[in-house]
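Residue strings, one per chain:
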Amino acid sequence: MQVNIPLQNDLIIRAAKGEKTERTPVWLMRQAGRILPEYRAVREKMGGFKELVKSPEFACEVTIQPVDILGVDAAIIFSDILVIPEAMGLNYEMVESKGPWFEKTIKSRSDIDALIIAQADDLSYVTDAIKLTKSALNGRVPLIGFAGAPWTIFAYMIEGKGSKTFSLAKKFLYTNPVESHLLLDKITQSTINYLKAQVLAGADMIQIFDSWAGILSPEQYAQFSLKYIDAICNAITELPVTVFAKGAFFARKEMGALNCATIGLDWNMEIKESRLLIGPNKTLQGNMDPCLLYADFKTIKKETEEMLKLFGPHKHIANLGHGVYPDIEKDKVRCFVDTVKEFRF
Ligand code: 1CP
């Protein structure tokens, strides 16, 4: 059952809705796992990444770690975007220090026909983790649910692993456009079922990660990605949705027209220009260069304050422009978080 405890800190929700807030809220993409030794200790105990993702008690524990240790204004459920291909019929392995690997990939129309449309029940381990985490958070901060954007999921399903260029996935777009749309449509339907289940389980916000947006041309992006993100935004209207499309600087104007509350910016997207392109209505999230956190404390503080001033006092959720890198010291992350929390306009 959904836990209905009032939120003690709802800054992020209010900022996403465009309401005025006492200060700018802050969280970090990829804050759970990666940087915290406390995460690695739990992962060690579990034996592997997938075991961790599939056990709600441990997923709950590592989801809450950054709230306790870093003092962020939101938790993000510990899972991965690749649970969707798996639920549709493509099993993945998470290879130590290499990343994801799919034994089977999509090569033809019959491969696409063999995939199922994922239903809520296929991902009950994630919704169970959300319910448990909501109850354990006890209203301290909101819980963010998430999914990959259909194009980014498509890219892994065709490629079978990470890639710098995802040229196999792009080749499929050029050589099999009809089949590409069939697959993107199946992923979109699965993602909507999955996100609806996350909402029902108690997520307070949703983020869509289009990590490989930037490798498409503007025309391809409109046709093969934005169209499907638009369908998801039109289906998930119960709570604020954030769309983060890494590298899609060319689509900012179009993103301004999506039926979502917040647009995530990466660090290449100039803040004032993004506001002009996206328009006055959306909340913006981001967008510090993750590498700033390699700098000294004084520089981190100064640059973070500059960023806050450029975004202005409202309709901003502070974050990095992409996920925090695994080798960043946690005190540097804390410096970024504390600078945002102490800053007043
Ligand atoms: O060794 C480990 O413990 C595995 C490392 C790891 C972790 C901690 C992976 C493998 N996934 C995750 C969790 C994860 N992934 C979260 C949970 C919460 C958090 O970290 O805060 C989230 C939100 C994701 C999202 C995700 N997974 C994205 C989108 C965001 C982004 O960074 O662009 C992507 C592209 C993935 C795929 C993935 N999962 C893991 C890796 C190494 C990758 C990237 C593979 C590649 O190189 O393409």
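Provided above is the structure to which this section pertains.
Residues numbered from 1 in each chain as written. Predicted model: local features only at pLDDT ≥ 70, side-chain atom pairs only at ≥ 80, totals over all residues. Heavy atoms only, no water.

S.K.: Honestly, the pattern of salt bridges in this entry has me stumped. Any pointers?
M.R.: Side chains carrying opposite charge are able to pair once their charged atoms draw close together. Summed over all chains, the structure comprises 16 salt bridges. Where aspartate 73 meets arginine 23, a salt bridge forms, and the shortest distance between an N and an O atom there is 2.8 Å. Of the two residues, aspartate 73 is situated in the loop between α4 (56-70) and β1 (75-76) and arginine 23 in the loop between α1 (11-16) and α2 (37-46); the sequence distance between them amounts to 50 residues. Assigned by exposure class, aspartate 73 and arginine 23 land together as buried. Note that aspartate 68 is salt-bridged to arginine 140, the shortest N-O span being 2.8 Å. In this pair, aspartate 68 sits in helix α4 while arginine 140 sits in the loop between α7 (124-137) and β4 (143-148), placing the two residues 72 residues apart along the sequence. For aspartate 68, a relative accessible area of 47% puts it in the partly exposed group. Each member of the salt-bridge network shares a partner with another, and the members are Asp10, Arg14 and Glu22. (Salt bridge = Lys/Arg side-chain N within 4 Å of Asp/Glu carboxyl O. Helix = DSSP H or I, 4+ residues; strand = E, 2+ residues; numbered from the N terminus. Buried < 20%, exposed > 50% of the residue type's maximum accessible area, 1.4 Å probe, protein only.)

S.K.: Any chance you could explain the pairing of β4 here in plain terms?
M.R.: Strand residues, when the strand is regular, have side chains that alternate between the two faces of the sheet. Most of β4 sits out of view: six of its six residues are buried. The alternating pattern of β4 places Leu143, Gly145 and Ala147 on one face and Ile144, Phe146 and Gly148 on the opposite face, and all of these are buried. Relative to β4, β1 runs parallel, the two being bridged by two bridges. Paired with isoleucine 76 across the bridge in β4 is isoleucine 144. (Pairing = 2+ DSSP bridges.)

S.K.: What is the right way to read the site of the ligand from this model?
M.R.: Close to the ligand lie 20 residues, the nearest being Ala32, Tyr39, Arg43, Tyr156 and Ser211. With respect to the ligand, the side chain of tyrosine 156 contributes an N or O atom lying 2.5 Å from an oxygen atom. Contact with the protein chains hides 85% of the accessible area of the ligand, taken as 890 Å² for the molecule alone. In this structure, the ligand is accommodated by the largest pocket. (Near = heavy atom within 4 Å. Polar contact = N/O pair within 3.5 Å; in protein donor to acceptor, adjacent residues only side chain to side chain. Areas by Shrake-Rupley, 256 points an atom, 1.4 Å probe, with all protein chains shown as cover. 1 Å grid on protein atoms, 1.4 Å probe; cavity = no way out; pocket = protein on both sides within 12 Å on 5 of 7 lines; lining within 4 Å. Sits in = over half its atoms within 2 Å of the grid points.)

S.K.: Explanation requested: the sheet that holds β1 in the structure shown.
M.R.: Pairing between the strands of a sheet comes from backbone hydrogen bonds, and it takes one of two forms, parallel or antiparallel. With parallel pairing, seven strands are arranged side by side in an open sheet as β1-β4-β5-β6-β7-β8-β9. Two strands lie at the open edges of the sheet, namely β1 and β9 (316-320), each paired on one side alone. Bridge analysis of β4 against strand β5 (residues 205-210) gives five bridges, and the strand direction is parallel. When the bridges of β5 are listed, phenylalanine 146 appears paired with glutamine 207.

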